[in-house]
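These are the residues of each chain, in order.
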Amino acid sequence: MAYMSQEGYDKLVAELQHLESVERPKASAAIAEAADKGDLSENSEYDAAKEAQRHLEARIAEMKMTVAKAKIVDVSRLSTDAVQIMSTVEMTNVKTNAKMKYTIVSETEANLKLNKISIKTPIAQGLLNKKVGDEVEINIPRGTITLRIDKISIDA
């Protein structure tokens, strides 16, 4: 099951519809155009078009599976008592005193530029079910960091 926001679900569905209605016909047209160029056994353009179509179909299948398993989180029912999916967490690195703010989201919604991290990341996993004031040691690729949770909110 993939938990996600309504916004993330809507974006995923829109992208899936675009792939099916726009990109799939383009891929078919590219294959047909390449096939018209002659002997398929020596036609690298045809092979490339078929490979692109395989990647597109795999992406469509993956997205359909995600949409089918999606469970939309009703943010109005979430609590700020402890960190959970859709929580925005403000924290301080105890060692460096650096402030950080991340929203924990599904894998499909993760976007580091927007400070949205996947629930599967080590930081998100370490923060889950923790409360304001808790200090959490988290193993990351560069070692261990200690984070103090300063605030938990839900951005609706």
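Residues numbered from 1 in each chain as written. Predicted model: local features only at pLDDT ≥ 70, side-chain atom pairs only at ≥ 80, totals over all residues. Heavy atoms only, no water.

- By the naming in an unreviewed UniProt entry, the protein chain goes by Transcription elongation factor GreA and is assigned to Prevotella scopos JCM 17725.
- Recorded in UniProt under Sequence similarities (unreviewed entry), the annotation for the protein chain is "Belongs to the GreA/GreB family." (UniProt positions renumbered as here; feature names shortened; annotations may be inferred.)

1. Focus: the pattern of salt bridges
Point 1. Scanning the entire structure with this criterion turns up 9 salt bridges.
Point 2. Residues Glu57 and Arg24 are paired through a salt bridge, measuring 2.8 Å at the closest nitrogen-oxygen approach. In this pair, Glu57 is assigned in helix H2 (residues 44-69) and Arg24 in helix H1 (residues 6-35), connecting sequence segments 33 residues apart.
Point 3. What makes Glu57 partly exposed here is its relative accessible area of 27%.
Point 4. In this structure, the salt-bridge partner of Glu51 is Arg54, at a minimum N-O distance of 2.7 Å. Placement of both Glu51 and Arg54 in helix H2 is noted, with a separation of 3 residues, approximately one turn of the helix.
Point 5. With a relative accessible area of 47%, Arg54 lands in the partly exposed category. (Salt bridge = Lys/Arg side-chain N within 4 Å of Asp/Glu carboxyl O. Helix = DSSP H or I, 4+ residues; strand = E, 2+ residues; numbered from the N terminus. Buried < 20%, exposed > 50% of the residue type's maximum accessible area, 1.4 Å probe, protein only.)

2. Quick notes on the UniProt feature "domain: Transcription elongation factor GreA/GreB C-terminal" (unreviewed entry) in the protein chain
Point 1. Cross-referencing UniProt, the feature "domain: Transcription elongation factor GreA/GreB C-terminal" (unreviewed entry) maps to residues 79-153 in the present numbering.
Point 2. Summarising residues 79-153: 8% helix, 45% strand, and an end-to-end C-alpha distance of 8 Å.

3. Some words on H2
Point 1. Compared with an ideal rise of 1.5 Å per residue, which puts 26 residues at 38 Å, H2 spans 38 Å between its outermost C-alpha atoms and is within 8% of the ideal.
Point 2. Three or more residues of H2 are buried, namely Tyr46, Ala49, Gln53, Leu56, Ile60, Met63, Thr66 and Val67. (Expected span 1.5 Å × (residues − 1).)

4. Here's the deal with the environment of Ile60
Point 1. Relative to the elements of secondary structure, Ile60 occurs in helix H2.
Point 2. Take Ile60: its relative accessible area is 2%, and that puts it in the buried class.
Point 3. Residues Ile60 and Leu19, spaced 41 residues apart in sequence, show a C-alpha to C-alpha distance of 7.0 Å.
Point 4. Non-local contacts of Ile60, meaning those with residues more than four positions away in its chain, are made with Leu16, Leu19, Glu20 and Arg24. (Contact = heavy atoms within 4.5 Å.)

5. Quick notes on the nonpolar core
Point 1. The biggest cluster of nonpolar side chains holds 22 residues, and the ones touching the most others in it are Ile104, Ile123, Leu127 and Ile138.
Point 2. Secondary structure elements with two or more residues in this core: strand S3 (87-93), strand S4 (99-105), helix H3 (122-127), strand S6 (135-140) and strand S7 (143-154).
Point 3. By residue number, the principal contributor to this core is S7, which donates 4 residues.
Point 4. Apart from residues no more than four positions distant in its own chain, Ile123 is found in contact with Ile117, Ile138, Ile140, Ile145 and Leu147.
Point 5. By size, the runner-up hydrophobic cluster in this structure holds 9 residues, among which are Met4, Leu16, Ala27 and Val67. (Core = buried A, V, L, I, M, F, W, Y, C linked by side-chain atoms within 4.5 Å.)

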